[in-house]
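This is what each chain is made of:
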Amino acid sequence: MGHWRERPITILGSTGSIGVSTLQVARHLGIPVHTITGHSKVDELARQVVEFRPRKVVVSDPGAAPQLRHLLKGVAVVIEAGPEALVHAASHPEVGAVVTAIVGGAGLPATLAAVRAGKRVCIANKEPLVMAGGLIMAEAARSGAAILPVDSEHSAIFQCLEGHRGHEVAELLLTGSGGPFRTVQDLSQVTREQALKHPTWSMGPKITVDSATLMNKSLEVIEARWLFGIEPGRIRVVIHPQSVVHSMVAYRDGSVLAQLGLPDMRTPIQYALTFPEHTAGEVAAPDFARLSSLTFEEPDRRRFPSLDMAYAAARDGGLAPAVMNAANEMAVAAFLNGRIAFLDIFRTVERALGQLANRADPGLDDILAADAEVRARLARI
Ligand code: NAD
Ligand code: MG
């Protein structure tokens with residue numbers, strides 16, 4: 001794989017929240033950028049090309065390609081378009097690390113391509129792990145790809161596990177802020193604007209809504225299950241409103257290790273890129289004299305049924321996590337467009353899981369077919 005300074009990186013989804021933070025880290029550390037990709041914001045993509053001078057830029061929506069070509073006339077960069085180009089970018093032989101910062105299941109083919117090509121795969125895009133974590137981890141074992149978590153909780157757990165072995169672990173304690181509705185008892189009237197106001201993190205719209213439904217934490221349970229090879233029954237969600245303790249590992253002797261930091265994604269992004277080195281970054285450590293308190297509480301499983309749905313889907317396995325994810329993506333998009341109410345997100349996911357004819361050990365084609373079927377069915381209503 002070589003040292004992290006030696007080989008250029010590819011950022012899938014460079015125009016998003018994680019993508020922009022990754023470029024900030026690359027700028028700070030002087031890591032060369034091989035390829036950047038975006039779906040539609042071509043102005044931002046063109047601006048990033050001019051600053052970071054990648055070899056290649058991909059716009060995954062082919063309809064936006066002519067405008068990007070126009071904006072980059074005279075700039076020495078290879079321009080490609082369409083979802084296939086994402087797959088090529090993810091497996092390019094000159095690339096050392098690939099940061100997956102696409103949102104949703106759309107990132108699955110490119111994530112798999114990076115894993116199969118044996119890259120250092122820095123995974124922010126959690127939905128592919130939820131859909132097909134078993135396949136992705138098996139491919140990584142085959143290719144020798146190093147999978148480095150970017151999600152702050154998983155980066156924390158990864159760090160707390162370093163130097164230890166699986167049999168020493170009692171449970172993983174996955175912390176979550178609880179979102180904007182942690183203390184709101186009646187969720188029937190909450191609005192899109194309220195859901196988009198996260199108390200501690202600034203993120204893209206889909207994950208921000210997922211944080212409000214606790215579906216993000218639910219997806220993260222399944223993400224952790226695959227990343228760390230631990231059964232879901234030993235992963236416990238703990239609400240921690242200050243978002244300073246990013247997660248913890250409880251060992252069998254009663255000792256608990258935690259990783260702490262400010263809620264700034266540049267810290268876990270940088271560690272995924274520079275592992276095993278903690279190197280100077282732009283984010284300061286928390287000032288403990290100013291932190292008045294760190295508090296912890298149980299999640300409310302009655303108001304946030306997403307958690308129980310995720311544990312059941314994880315236990316059932318097969319196609320259940322992919323169906324849960326697809327229904328949630330469709331429901332969140334409908335909620336963001338003002339077509340359904342907040343609580344309809346839970347109902348949509350629950351109904352999709354109820355209609356599933358599951359099967360054990362699905363292949364990639366089965367997972368993609370189940371994903372497409374749920375999306376098509378929900379698009380009609
Ligand atoms: P975002 O909406 O800000 O950015 C998404 C990126 O994906 C953009 O570059 C967009 O152009 C691209 N994209 C969108 N649809 C696409 C498609 N169909 N095909 C190809 N590219 C497409 O999202 P984000 O908040 O940066 O989140 C990205 C991923 O990282 C998500 O899976 C999220 O769960 C995860 N994550 C985000 C954060 C965070 O702080 N934002 C933290 C942890 C994990
Ligand atoms: Mg997270």
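Being a predicted model, the structure only gives us computed values, none of them experimental.

**What to know about the sheet that holds strand 6 (residues 120–123)**
Working step 1: With respect to topology, 7 strands assemble into an open sheet ordered 4-3-2-1-5-6-7, the strand pairing being parallel. At either margin of the open sheet sits one strand with a lone partner, and together these are strand 4 (78–81) and strand 7 (146–149). Strand-to-strand twist in this sheet, taken as the mean axis angle between neighbours without regard to direction, amounts to 15°.
Working step 2: Relative to strand 2 (residues 33–38), strand 1 (residues 9–12) runs parallel, the two being bridged by 4 bridges. For leucine 12, the partnering residue across the bridge sits in strand 2 and is threonine 37.
Working step 3: The strands that helix 1 (residues 17–29) touches are strand 1, strand 2 and strand 5 (97–100); relative to strand 1, the one it contacts most, it runs at about 160°.

**Structural notes on the nonpolar core**
Working step 1: Within the largest apolar cluster, 116 residues are counted, with the highest numbers of intra-cluster contacts made by Val57, Leu68, Leu273 and Phe342.
Working step 2: Looking at this core element by element, the count peaks at 10 residues for helix 13 (residues 320–336).
Working step 3: Core analysis: the second largest hydrophobic core is formed by 5 residues, Leu173, Val238, Val245 and Ala250 among them.

**Digging into helix 6 (residues 127–143)**
Working step 1: In helix 6, a bend of some 95° at glycine 133 exceeds every other bend along the element.
Working step 2: Of all the residues in helix 6, the buried ones are Glu127, Pro128, Leu129, Val130, Met131, Ala132, Gly133, Ile136, Glu139 and Ala140.
Working step 3: At the exit of helix 6 stands glycine 144, carrying a positive phi of roughly 85°.

**Quick word on the pairing of strand 9 (residues 235–239)**
Working step 1: Among the 5 residues in strand 9, 4 count as buried, and that is most of the element.
Working step 2: With 5 bridges joining them, strand 8 (residues 169–176) and strand 9 adopt parallel strand pairing. Counterpart to threonine 175 in the pairing with strand 9 is valine 238.

Rules used throughout
Residues numbered from 1 in each chain as written. Chains lettered and ligands numbered in written order. Predicted model: local features only at pLDDT ≥ 70, side-chain atom pairs only at ≥ 80, totals over all residues. Heavy atoms only, no water. Pairing = 2+ DSSP bridges. Helix = DSSP H or I, 4+ residues; strand = E, 2+ residues; numbered from the N terminus. Axes fitted to C-alpha atoms, helices over the stretch in contact; angles between N-to-C directions. Contact = heavy atoms within 4.5 Å. Core = buried A, V, L, I, M, F, W, Y, C linked by side-chain atoms within 4.5 Å. Buried < 20%, exposed > 50% of the residue type's maximum accessible area, 1.4 Å probe, protein only. Bend = angle between axes of the 7 residues up to and from the residue.

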